Amino acid sequence: MKKKAEQNEKRPDLVVFDEEKQRYDAAFRPYGTNVGAPQIKLPNNGSWKNSQIYKANKHLKAKYEAIKAEYEALLKVMKYNELVTASKFTFEPLIGEVYHLYNNAKEEPFLSIIDPESCNFQHLGSFRLTSDYLWEKVEDKPSTFLPK
């Protein structure tokens with residue numbers, strides 16, 4: 001008997017009836033509900049997604065390269081700081097002044113205020129103490145003295 005009652009209450013597939021609200025609601029649906037309704041087509045996002053993935057990857061790679069370059073620059077600064085700080089010097093370096101790093105006869109690094117042109121020791125580089133108390137390498141200027 002229950003089956004007959006269920007079959008009587010069951011509506012055809014064409015009829016849009018909401019069982020919970022107990023009403024016909026085809027007019028309230030955001031899509032067509034009858035056979036004559038236009039076909040629902042999903043947009044093809046494949047090309048858009050591919051171009052966005054390409055752009056995102058380019059952006060991330062550029063950011064990675066920038067971070068990598070900054071990291072390498074920090075390693076260079078750290079190397080210079082370790083080199084200069086581990087050297088021997090008997091004065092207090094002043095911020096903004098240029099100092100010269102040399103190797104002595106025992107191959108030990110020492111810091112000096114003497115220019116490389118006035119010194120016979122092996123010149124390792126010239127460095128400036130920054131306001132952050134970091135040693136930055138000063139590029140060697142080409143000598144203005146030209147031998148005849």
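Read on for a plain summary of the structure. Being a predicted model, the structure only gives us computed values, none of them experimental. (Residues numbered from 1 in each chain as written. Predicted model: local features only at pLDDT ≥ 70, side-chain atom pairs only at ≥ 80, totals over all residues. Heavy atoms only, no water.)

As a further point, take the pattern of salt bridges. Applying the stated criterion across every chain, the model contains two salt bridges. The shortest N-O distance in the salt bridge between E136 and R128 comes to 3.1 Å. Taking the relative accessible area as the measure of exposure, E136 reaches 35% and is therefore partly exposed. Residue class for R128 comes out partly exposed when judged on its relative accessible area of 29%. (Salt bridge = Lys/Arg side-chain N within 4 Å of Asp/Glu carboxyl O. Buried < 20%, exposed > 50% of the residue type's maximum accessible area, 1.4 Å probe, protein only.)

Our next topic: the packing of aromatic side chains. Scanning the model with the defined rule gives six aromatic pairs in all. Taken together, a centroid distance of 5.7 Å and an interplanar angle of 35° make the contact between Y102 and F110 tilted. A residue is classified by how much of its surface remains accessible, and F110, at 18% relative accessible area, is buried. (Phe/Tyr/Trp six-rings, centres within 6.5 Å; stacked < 30°, edge-to-face > 60°.)

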